[in-house]
Amino acid sequence: MMKKLFHVYCFESGNYFKSKSYMLSTVLICVLAIAAISLPGLISGKETSEKEKTNVIAETMAIFDPENLIPDELINSYGKAEVKRMKNEDEVREAVTSENVEAGFVIHSIHEYDYYVFNQSMMEDTKELFSELMSTAAKMKYCNDNKLDYNELIQLDQKNIICHENILGKDSRSNYWYSYILVILVFFVIVMYGMMIATSVANEKSNRTVEILVTSTPSSSLLFGKVLAGATAILFQLGLIFASLLGAYHINRDNLGGMLDIILDIPADVLVTFAVFGLGGFLIYAFMYGALGALVSKIEDLNKSAGTAQMLVMIIYFLVLFQMQEPDGIIMKILSFLPVSSYSAMFIRIAMGTVSAWEIIVAAVILYASVIGMGFVAAKIFRNSTLRYGNPIKLTNALKGLQSKEQS
């Protein structure tokens, strides 16, 4: 049986790795991942950052300031700009309307002004910056009126409060985003590859290929071979993509200023747990999808048959997402031991909560014991359903058929 299983595994794996679409998509995703990480760091340089700093406020502006509350020196301290002093508000409006200036300001008092702009872009921030400038001018006027030293006030205002943060356990806020992404990733992997396995089984049954296969190979070897080959394809593809992402980020981390640490700075223990539990979660659902694929005789009926697995995956997905902010809650603890949900709940507890080593071991044992059990149940359903054609077989009827055979 092991020899037959190995032959099926090699054949099914070969179908994945010989598939141009599979290999091209893997290489393309890796290249895009490397480019997405590397290009921002290469494009953003000192010249760009310095240019952005010098053009803080509009390059040209019209100002009507009857009380001379805003000096040109203060404006230029926020960025080099051509300042045109106007005699009244109408001149400001005319200058902006004729597009001779980018922005216009009418100063009513040290705390109030009108802002004029002809076309405002989505990234426009001149108004906010000028409000900050007005705040600075108000402080300068207050110091001048009350004979205070403005520089001392600014130094006190800008005095940094130093906090030395010491996190003795887990930083849930920092770990939230990569945990969130990993939950979504494992969800899509299960649904996408699970349906591929179910489609492969249903396709072989619909074109009667399975009739030839079962005469020379045990049905359990056929199903186990398909599932294990799918798991190998996933590990290869995801491993290559993760290696490309993490490798490119570590090379370009300094250029990016560590801005993606919150997503890509994933601890090794979380990655290992994700691999161990994610693989187990995929296997248990892959066997389920394989069994459900054997219940139909036509590809058109597959979505209806696979709806059971799809619904279960969706329920677990939303349950885990809704409980992410309470990783040590009772619901998340229960989910981390259930084999149908531990693939995502357990690594979230490890990343964001508190979990003992014995809990991880027990959950892993339960998961992989369930994988083996699901594999044998799915193999029996596969064997009993492969040569039955016509209307789709209901899962409840297939399970009842297994019970009656065991009793007999």
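Structure: see above.
**Remarks on the overall build of the chain**
(1) Moving on: For the chain, the count of helices and strands is 18 helices and 4 strands.
(2) Moving on: Taking all contacts inside the chain whose residues are at least 6 apart in sequence as the whole, residues at least 24 apart take part in 71%.
(3) Moving on: Counting only carbon and sulfur atoms, one obtains 60% of the accessible surface of the chain, whose full area is about 23200 Å².

**Describing the sheet that holds strand β2 (residues 82–85)**
(1) Moving on: Within the open sheet, the 4 strands sit side by side as β2-β1-β3-β4. Their pairing is mixed. Sheet topology places β2 and β4 (112–116) at the edges, where each strand pairs with a single neighbour. Shown here is a sheet whose adjacent strand axes are inclined to one another by a mean of 25°, direction ignored.
(2) Moving on: Across the sheet, helix α5 (residues 89–97) lies against β1 (60–64), β3 (103–109) and β4, angled at about 160° from β3, the strand it touches most.

**Notes on the nonpolar core**
The tendency in soluble globular proteins is for nonpolar side chains to be buried as a group.
(1) Moving on: The biggest cluster of nonpolar side chains holds 79 residues, and the ones touching the most others in it are Tyr-193, Phe-282, Tyr-285, Tyr-289, Val-313, Val-320 and Ile-348.
(2) Moving on: Among the elements that take part in this core, helix α8 (residues 172–206) stands out by supplying 15 residues, more than any other.
(3) Moving on: With residues up to four places along the chain from it excluded, the contact list for Tyr-193 reads Tyr-16, Tyr-22, Gly-230, Ala-233, Ile-234, Gln-237 and Phe-282.

**Thoughts on α5**
(1) Moving on: Those residues of α5 lying buried are Val-92, Ala-95 and Val-96. Along the axis of α5, the buried positions cluster into a sector of 95°, meaning they face one direction only. Of the residues in α5, the exposed ones pointing more than 90 degrees away from the buried face are Asp-90, Glu-94 and Thr-97.
(2) Moving on: Residues of α5 that are buried make contact with β1, β3 and β4.
(3) Moving on: The residue sitting at the N-terminus of α5 and contributing the capping side-chain oxygen is Asn-88; that oxygen lies 3.1 Å from the backbone nitrogen of Asp-90.

Rules of the game
Residues numbered from 1 in each chain as written. Predicted model: local features only at pLDDT ≥ 70, side-chain atom pairs only at ≥ 80, totals over all residues. Heavy atoms only, no water. Helix = DSSP H or I, 4+ residues; strand = E, 2+ residues; numbered from the N terminus. Contact = heavy atoms within 4.5 Å. Areas by Shrake-Rupley, 256 points an atom, 1.4 Å probe, with all protein chains shown as cover. Pairing = 2+ DSSP bridges. Axes fitted to C-alpha atoms, helices over the stretch in contact; angles between N-to-C directions. Core = buried A, V, L, I, M, F, W, Y, C linked by side-chain atoms within 4.5 Å. Buried < 20%, exposed > 50% of the residue type's maximum accessible area, 1.4 Å probe, protein only. Arc of directions from axis to C-beta. Polar contact = N/O pair within 3.5 Å; in protein donor to acceptor, adjacent residues only side chain to side chain.

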